[in-house]
Each structure stands twice: as C-alpha cells, then as structure tokens.
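An overview of the molecular structure
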Amino acid sequence: MHTKTKIWLSHPHMFGKEQRFIDVAFRENFIAPCGSNISGFEADLEHYLKQDCFVAVLNSGTAAIHLALILLGIGKNDEVICQSNTFIASVNPVIYQGATPVLVDSETDTWNMCPELLEIAIKDRISKGKKPKAIIAVHLYGMPYKVEEINSIAEKYEIPVVEDSAEALGSSYKNQKCGTFGDLSILSFNGNKIITTSGGGALITKHKALKEKAIFLSTQAKDKSVDYLHSNIGYNYRMSNISAGIGRGQMLALDKYINTRRQNYSLYKERLKEFDSIRFLDEPKHHFSNRWLTCVLTESFSKREELRTFFEKENIETRPLWKPMHQQPIFKDVPKYINGISDELHNKGLCLPSGSNLTENDFDRIIHCFTEIYG
Ligand SMILES: *Cc1c(COP(=O)(O)O)cnc(C)c1O
C-alpha cells in the first residue's frame, strides 16, 4: 500500500457543467443512443473544427477508424499503410476488415510517419502489385504529423488518408485544426484523452452524405422500412446521449485544458533544464500541439528504466513511449518499412503526468524524482 496519493498520467478532469447536460437527458428521458445531446455535441465539434466538416459521434475512436475503413471500401486482402509508432487501436480496425497493415516508421521532428519512408513503402507495394488502399497517419501525443508532406504523397499516388486525431483535439497545423486534414478523420474521447465522455469517439468528413452513412452503419444499418429490413451489415457504434452530455460540458473547457497541458510542457522544460541529457520534442514551425502528453527522451534504456521504476515507487504513473506496432507479436508477419526511430523513442522515452488537473504539489513530487536520479 502506498502512503502517497497517486499522480495519474492523464486523469479525467470534469469542468462542472457536464451534469447540466446529463440532467437534460434525464428530463427528456433520452437515456439512449439518440437525443439532443448527441446532435448538440456534433454541432459543438463542427463549430470548433470549422472547415465545413460534418461530425458523427460514436462510442469509441476505434469504432470511428473501423467505420472510416468501411466507408473507404477497405476489405479482405487489401493493404493499408499504418504508422508503426502508435497505440494499437490505430491499426486493429485494418484487421477487423480482413486487410493487412503495412507498417511505416517515424521521423524525428514530430515522431510521426516519415514522409520519405512512406513514399518508399508505397512504391515498393506498387511494384509488388499491391497498391495500398489507404494511409492511417497519427498525430501522436498531440503533435501534428507533417501534414503537407504526407498529404502531397497521398495525392500523388491517389491514396485516401485516414487522419487519426485521437490524441490531437485542439492541435493545429498552419492554423487549421487537426481532425480536418484527412479524407476521413477521427477523434477519441476516452477517459485519458484531452476531453472525455468516459468512452467515445467521432468520425469527421467533408461530406454530409458520408456523415449520414456513418450514422446509418453505426445504428445497425436499418433500411427505411417499417419491418426491419437490412441490406447492409451494421454495427452498434453510436454514442450514448449521456456520454454526449458529458462531451458538451467538456467542450466548454477545451481551450482551458489545452492551455494547461501546454503550460505543463513549459513547466517541465523549465524545471528540468539543468539536466542536459533530458530532451524534449519542440514544435516545428507551423505545428501547434495540444501537448496531450509531455514526453521526454533520456540518454539510454537503462536510465529510462531507472527513472520509470523510481516514479513507480513514488506512486506516480509514467509510461514508456508506445511500443511500435512492428514490435508487436500479432503483427510480426506484416510488411514493414523500419528506420529504427520509433524503436529508439520507445527505448529511451517516457510519458510524464500531463493532466490538466495536476497541482503544484504534484509537480514538486515529479521534479523531485528527476533530482533524485539526475541530481
Ligand atoms: C485512444 C486512441 C485511439 C482509440 O480511441 P478509443 O476511443 O480508445 O477507441 C486510437 N488511436 C490513438 C492514437 C489513440 O491514442
């Protein structure tokens, strides 16, 4: 048993207005996957993202990626290029569709998909008679990927992009919000994301008809008929009206949460600046990160482990950077284009507590751990 209170990596942070929207759902008795909070939350997101996009809210980000692949017609034996440096939910939906992920490694400026390696992979797949059907690119930890480079390669080879913006609500590239750069884009509102609906996600499209199709597929694909006629396979993927109510309340605080998480990053950088071997990922020009998680790179695997286990002892949750997908046993046989960068990030990197509800005392405890190890 720990005597010190736990400091979480990214803990839910309620704003206080969420309950009001939930009360509306109770008053209207829409304790269901339909109701005014759902359309309200969708309108809030559409307004926030701008760029004339249409949003369908769903019960997870994973469901959103799955529907995106279905809407793009990805099926059995197709290949889909995926960022290897990510959380597994970015890639699993490719398997749900019976397709094959092709893993592409990262660059060092944003830690996201390397455009040069992407083009090498596309050319190589084409030469093998397997032109990729889609590209799933991820804004990891809130840092936008190289949008222009990735999009121009996608356009050159006419391959649609699914933008996994699960960690990047509020991030932007050249002042345009992440979530608006893909042919289809997704968000997540899981418990540890920048805003939470307890569990939830969203699919974003430029076309009203695709939004409607996503909603149709997410509600069991029931045809317009009184007697439950089905001519498509559907899913039970729609968001609950209660969850959407939480989302509406959370949206009111989004800008505040982004500012606080960005402040966390600056505070860490300032208070750790005496330790030369600790490195941070600064924003390249035009890239604005919501700083969902602040991550640092140490000088070696053993130093990272020393640090991580010390945090654990102090009841502070930290986490190595994602174990890349090409290191996952379940993806050991898929095609991969690897340059060693995500392996190194995984070995040397640590995600630090980054919630928008960290206290000054929490920070003192966290910095103390660094001083113990590096001081
Ligand atoms: C969280 C996350 C997802 C999945 O979202 P869920 O809502 O948890 O299903 C997908 N991709 C990335 C990069 C994530 O961090």
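Residues numbered from 1 in each chain as written. Predicted model: local features only at pLDDT ≥ 70, side-chain atom pairs only at ≥ 80, totals over all residues. Heavy atoms only, no water.

1. Topic: helix α8 (residues 241-251)
In terms of burial, α8 is largely enclosed, as nine of its eleven residues are buried. Those residues of α8 that sit buried are Asn 241, Ser 243, Ala 244, Gly 245, Ile 246, Gly 247, Gly 249, Gln 250 and Met 251. The residue sitting at the N-terminus of α8 and contributing the capping side-chain oxygen is Ser 240; that oxygen lies 2.9 Å from the backbone nitrogen of Ile 242. (Buried < 20%, exposed > 50% of the residue type's maximum accessible area, 1.4 Å probe, protein only. Helix = DSSP H or I, 4+ residues; strand = E, 2+ residues; numbered from the N terminus. Polar contact = N/O pair within 3.5 Å; in protein donor to acceptor, adjacent residues only side chain to side chain.)

2. With respect to the packing of helix α9 (residues 254-271) against helix α12 (residues 360-374)
With their axes 11 Å apart at the nearest point, α9 and α12 run at an angle of 40° to one another. In terms of orientation, α9 lies oblique with respect to α12. At the point where α9 passes α12, the crossing takes the right-handed sense. Every residue of α12 that contacts α9 at Asn 264, Leu 267, Tyr 268 and Arg 271 is listed here: Phe 363, Asp 364, Ile 366 and Ile 367. For the contact of α9 with α12, a count of residues per class yields five nonpolar, one polar and two charged. (Axes fitted to C-alpha atoms, helices over the stretch in contact; angles between N-to-C directions. Parallel < 35°, antiparallel > 145°, perpendicular 65-115°, else oblique. Left-handed = near helix turned anticlockwise from the far one by under 90°. Contact = heavy atoms within 4.5 Å. Nonpolar A, V, L, I, M, F, W, Y, C, P; charged D, E, K, R; others polar.)

3. Some details on the site of the ligand
Contacts to the ligand come from 15 residues, most closely from Thr 62, Asp 164, Glu 167, Ser 188 and Lys 193. One nitrogen or oxygen atom from the side chain of Ser 90 is found 3.4 Å from a nitrogen atom belonging to the ligand. Contact distances for the ligand include 3.1 Å between an oxygen atom and a side-chain N or O atom of Asn 190. Summarising the interface, the protein chains cover 94% of the accessible area of the ligand, which totals 380 Å² for the free molecule. Residues belonging to the shell around the ligand are distributed by class as follows: four nonpolar, eight polar and three charged. (Near = heavy atom within 4 Å. Areas by Shrake-Rupley, 256 points an atom, 1.4 Å probe, with all protein chains shown as cover.)

4. Brief notes about the domain arrangement of the protein
Taken domain by domain, the protein holds domain 1 (18-251) and domain 2 (254-374). Each of domain 1 and domain 2 was reduced to a C-alpha centroid, and the two centroids are 25 Å apart. Contact residues are listed per partner, giving 49 residues for domain 1 and 39 residues for domain 2. The junction of domain 1 with domain 2 conceals about 3900 Å² of combined surface from both sides, 65% of it contributed by carbon and sulfur atoms. When residues of domain 1 are sorted by the area they lose upon contact with domain 2, Trp 111, Tyr 141 and Ile 194 head the list and together hold 22% of the total. At the boundary of domain 1 with domain 2, the tally comes to 23 residue pairs in polar contact (both at pLDDT 80 or more). Of all the elements in the fold, those that place two or more residues in the side of domain 1 that touches domain 2 are β2 (79-83), α4 (92-96), β3 (100-104), α5 (115-127), β6 (172-173) and α8. (Domains from an automatic or database assignment. Buried area = accessible area lost by both parts, 1.4 Å probe.)

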